[in-house]
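# Geometric and topological summary
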Amino acid sequence: MFVVLVAADLGSKLNFEIPFPALPGISELREKIINVLTLENASRRPNSPPFQFHRAQVFDERMEMWVDLVASSQLEDYCQIYIFQKETAWHKDTTGRIPPPTKSAFATLQGVGRTSVTPPPTAAGLLNPADQLLIQGRRESLLGSVSRAHSLLAEPSPVSVAKDNLAYHTSLSRTAYLPPLHSYQPASPTSGTPLPVVAGHEFSGTPSLTLSFGDKIRLVFEEFALNANRAVNLEQWVDCFTRLRINGIDGLTQETVEDLFRKKADRNEDGLVTLTEFQQFAVHYPKLIDCLHFRSKRHRQEALKEENKAAQYRQLELLESRLHEVRQSTVEAEAESAVIQQKVDEANGLIERAKREESQALSAKSDATKKTEDAKSKLREAKAHQVSAQNAYKKVEVARKQADRGTEVLNKRLQQQSLERERVARELERLMKLVREQERELEKKGAAMHETENAIRESMRRADSINDPALESQKAVADQGVKAAEAGLKGTMETESECAVAHKQAQRAVQNALAQKVTIELETQEARVKQAAQQELEGRAERLVNEHRSAIDDSEAALAEELLQNDEEEAKENELLQMEVRLREQREAVEQKEEVLRTAHLSFSEESGRVSPRRAMLY
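Cut-offs and rules
- Throughout, residues of each chain are indexed from 1 in the direction in which the sequence is written.
- For this predicted model, a pLDDT threshold of at least 70 governs which residues receive local features, and a threshold of 80 or more governs which side-chain atom pairs are given and counted, while totals over whole chains, interfaces and linings are taken from all residues.
- Neither water nor hydrogens contribute to the side-chain values; these are computed over all heavy atoms in the structure.
- The set of buried Ala, Val, Leu, Ile, Met, Phe, Trp, Tyr and Cys residues whose side-chain atoms join them within 4.5 Å is what this entry labels a nonpolar core.
- Working definition: with a 1.4 Å probe on protein chains only, accessible area under 20% of the residue-type maximum means buried, over 50% means exposed, and in between means partly exposed.
- Secondary structure elements are defined from DSSP: runs of H or I of at least 4 residues count as helices, runs of E of at least 2 residues count as strands, and each element is numbered from the N terminus.
- When checking whether two residues touch, look at their non-hydrogen atoms; a contact exists if any pair is within 4.5 Å.
- Any two strands between which DSSP finds at least two bridges are classified as paired.
- Patches were defined on residues exceeding 30% relative accessible area and lacking a salt bridge, with like-charge contacts within 9 Å and nonpolar side-chain contacts (Val, Leu, Ile, Met, Phe, Trp, Tyr) within 5 Å.
- Every accessible area reported is derived by Shrake-Rupley at a probe size of 1.4 Å, with residue values counting cover from the shown protein chains alone.
- A side-chain nitrogen of Lys or Arg and a carboxyl oxygen of Asp or Glu constitute a salt bridge if their distance falls within 4 Å.
- Interaxial angle, 0 to 180 degrees, is taken between N-to-C directions of lines fitted to C-alpha atoms, where a helix line uses only the stretch in contact.
- In what follows, roughly perpendicular refers to angles from 65 to 115 degrees, roughly parallel to angles under 35, roughly antiparallel to angles over 145, and oblique to any angle outside these ranges.
- Crossings are assigned a handedness: left-handed for a near helix turned anticlockwise from the far helix by less than a right angle, right-handed for a clockwise turn.
- Three classes are used, and their members are as follows: Ala, Val, Leu, Ile, Met, Phe, Trp, Tyr, Cys and Pro are nonpolar, Asp, Glu, Lys and Arg are charged, and the others, Gly among them, are polar.
- The rule is short: rings of Phe, Tyr and Trp, with Trp giving its six-membered ring, pair when the centres are within 6.5 Å, and they are stacked under 30 degrees, edge-to-face over 60, tilted in between.
- We count a charge as sitting over a ring when the NZ of a lysine or the CZ of an arginine lies within 6 Å of the ring centre and within 35 degrees of the ring normal.

### Focus: the nonpolar core
- In terms of nonpolar packing, the biggest core is built from 29 residues, with Trp237 and Phe278 touching the most fellow members.
- Those elements that place two or more of their residues in this core are α4 (213-224), α5 (234-243), α6 (254-265), α7 (275-284), α8 (286-430) and α10 (469-608).
- Excluding residues that lie within four positions of it along the chain, Trp237 makes contacts with Phe224, Val232, Val257, Leu260, Phe261, Ala265, Phe278 and Phe281.
- Counting 27 residues, the second largest nonpolar core, distinct from the first, contains Leu29, Leu37, Leu69 and Ile81.

### Brief notes about the side chain of Asn574
- With respect to the helices, strands and loops of the structure, Asn574 is situated in helix α10.
- Judged by relative accessible area, which is 5%, Asn574 ranks as buried.
- Beyond its immediate sequence surroundings of up to four residues, Asn574 is in contact with Arg245, Ile246, Asp250, Gly251 and Arg295.

### Observations regarding the sheet that holds strand β4 (residues 65-68)
- A sheet is described by the order of its strands in space; here six strands give the open sequence β4-β3-β5-β1-β2-β6, paired in mixed fashion. Each having just a single partner strand, β4 and β6 (102-103) make up the two edges of the open sheet.
- Both strand β2 (residues 13-20) and β6 contribute to a ladder of two bridges, which runs parallel. Across the sheet, the residue bridging to Phe16 is Thr102, located in β6.

### Topic: a nonpolar patch on the surface
- The grouping of Leu576, Met579 and Leu583 at the surface amounts to a nonpolar patch, some 280 Å² of accessible area in total.
- Counting through the fold element by element, Met579 comes out in helix α10.

### Observations regarding α7
- Listed as buried for α7 are Leu275, Glu277, Phe278, Gln279, Phe281 and Ala282.
- Buried positions along α7 lie against α4, α5, α6 and α8.

### Re unusual backbone geometry
- The phi dihedral of Tyr78 is positive, around 65°, even though this residue is not glycine.
- Residue Tyr78 is classed as buried on the basis of its relative accessible area of 6%.
- Here the phi dihedral of Arg245 falls at roughly 60°; this positive angle occurs in a residue that is not glycine.
- The residue Arg245 is located in the loop between α5 and α6 in this model.
- Here Arg245 falls in the partly exposed class, since its relative accessible area comes to 33%.

### Describing the pattern of salt bridges
- This structure, assessed with the given rule, holds 21 salt bridges.
- Between Arg423 and Glu420 there is a salt bridge, with its nearest N and O atoms 1.7 Å apart. In this pair, Arg423 and Glu420 both sit in helix α8, three residues apart, roughly one turn of the helix.
- Here Arg423 falls in the partly exposed class, since its relative accessible area comes to 39%.
- Since its relative accessible area comes to 29%, Glu420 is described here as partly exposed.
- Arg540 is the salt-bridge partner of Glu536, the closest N and O atoms lying 3.3 Å from each other. With a gap of four residues between them, Glu536 and Arg540 both fall in helix α10, about one helical turn apart.
- Judged by relative accessible area, Arg540 falls into the partly exposed class, the value being 40%.
- Each of Lys264, Arg584 and Glu588 takes part in salt bridges that share partners, so that together they form one network.

### What about the packing of α4 against α7?
- The interhelical angle for the contact between α4 and α7, taken along N-to-C directions, is 125°, at an axis separation of 10 Å. Considering their axes alone, α4 and α7 lie oblique with respect to each other. α4 and α7 meet at a crossing whose hand is right-handed. Judged by residue contacts, Phe213, Ile217, Arg218, Val220, Phe221 and Phe224 of α4 engage Leu275, Phe278, Gln279 and Ala282 from α7.
- Partitioned by chemical class, the residues of the contact of α4 with α7 number eight nonpolar, one polar and one charged.

### Quick look at the packing of aromatic side chains
- Enumeration over the complete set of coordinates arrives at nine aromatic pairs.
- The interplanar angle of 70° and the centroid separation of 5.0 Å between the aromatic rings of Tyr82 and Phe84 together place this pair among those described as edge-to-face.
- Ring-pair connections join several aromatic residues into one group, and the members of that group are Phe221, Trp237, Phe241, Phe261, Phe278, Phe281 and Tyr285.
- Across the ring face of Phe20, the terminal group of Lys32 is positioned such that the distance to the ring centre comes to 4.9 Å.
- In this structure, Arg55 is placed above the aromatic ring of Phe84, and the distance from its NZ or CZ to the ring centre is 4.7 Å.

See the structure below:
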């Protein structure tokens with residue numbers, strides 16, 4: 001059977017024993033607690049609203065503080081739980097002591113033959129280092145994360161937690177049982193330790209515990225006993241005194257510490273100090289036990305603070321690393337922005353150069369067009385002059401052809417007349433008789449032939465006069481002018497075409513440069529936005545690093561001040577411990593002397609007959 005002690009404020013502080021067949025889960029625990037407390041509340045306050053479960057805390061012995069109950073692994077047999085209700089007009093949790101537990105009529109255990117709930121024997125327990133680390137990690141998680149603590153019954157996590165030691169100190173192994181050293185008196189919520197902020201609420205107090213001297217003896221013994229047989233050897237004894245800074249320059253000497261073990265604690269001289277021997281030792285050295293208890297508690301707190309400090313430094317290193325990365329990203333963004341700005345400048349220069357080239361190409365195109373128009377005008381003039389020369393030449397050619405045809409006719413006539421003369425000459429030779437007639441005829445023919453020759457010469461002269469060399473030269477010059485004008489027109493047209501192509505290329509270059517400028521401007525805008533975001537992120541990272549560093553500095557200053565104060569307190573306390581040891585030695589010396597005196601007095605009384613031997617034995 002598994003029993004938990006559940007305390008709550010139902011008009012006054014009440015504490016109930018609630019049994020379970022075995023270790024309950026969180027859901028089962030919550031359901032049964034709600035049922036029992038709802039019925040108890042209805043029976044005690046009939047007109048009050050129903051009981052409203054808000055959250056729960058369980059007392060952690062090792063940490064000596066109340067922690068939020070979030071996992072069933074935090075539960076131990078007879079552990080103490082305190083239930084907080086939602087604050088309303090009908091209810092508000094107040095500070096006060098938690099009373100001893102009582103049985104609730106509504107907390108029945110079905111299937112279990114036992115009708116009464118008796119606390120089991122207890123044993124001193126100690127967590128291993130792994131469990132201690134888990135406990136510390138759980139505590140940091142509960143104190144540092146609102147999201148992990150906002151729900152009472154969050155998802156269970158595999159965290160090993162030390163059992164509560166309100167009335168009984170049990171061990172994880174449950175191998176040994178010892179009777180309790182004190183009566184059960186759990187404390188009520190006080191203002192001792194601040195609660196973490198949970199679900200938007202902050203409580204003014206938290207449950208605390210007042211330990212008896214027997215509790216302190218058990219806790220101190222657990223600091224010593226780290227072996228399996230639950231006994232302390234000399235090495236562990238000296239190590240604990242050294243670790244808690246009790247022996248040393250300002251404290252007890254090494255010889256004194258060893259004498260306390262050999263001569264005061266180890267009564268059977270077997271090299272081990274059991275819990276019984278340690279209890280007997282503690283009776284004679286209460287100040288030392290009190291010192292060991294509070295220093296062990298302080299030592300755990302200092303270790304936890306050192307771990308927190310190391311975690312803060314690790315967090316600071318992470319933040320500084322992140323800040324370095326952000327600064328590097330900012331530098332890269334600024335370099336990228338500078339490169340893009342350089343590209344923008346280059347694009348602007350390229351646009352200006354392209355516009356100049358476009359303007360030059362347009363001017364060259366205009367000049368070429370003007371030259372082409374001039375060449376076309378000259379070509380038209382040359383062609384008109386050529387047409388005029390060709391017409392004049394055609395006229396001369398017609399006259400020359402006509403003169404040639406007349407000359408050819410006359411030549412043909414001359415040939416006929418020559419043939420006729422030959423015929424006549426032959427006829428003259430044949431006809432000698434008719435010489436005179438023929439001679440006259442011959443003279444006539446000769447005169448006609450002479451006239452024909454004269455006509456031929458005149459015709460040839462006229463033909464020569466018609467074939468004017470000046471006209472031919474003029475025609476040749478006109479032809480050459482036309483050819484030159486055509487060549488010039490062709491060149492100017494080619495030049496104009498080249499200028500038009502160059503102008504189109506310049507226009508395309510301007511358009512490409514403008515498009516590139518638009519793209520680069522977009523990249524520039526994105527780079528500026530990125531740079532601004534990086535600068536803002538760098539500013540936030542710097543503020544976070546500075547705040548974290550300032551918090552670390554404040555924490556270190558507070559810790560240094562606390563350590564200095566602890567050193568002063570320990571120095572004063574070490575003097576008191578030395579005084580206690582000396583006083584104990586003196587007291588033992590006095591007791592030994594009293595024993596010697598008592599023995600001598602008895603012997604004297606027997607010898608003098610003042611008392612009988614029988615009475616001396618009773619004495």
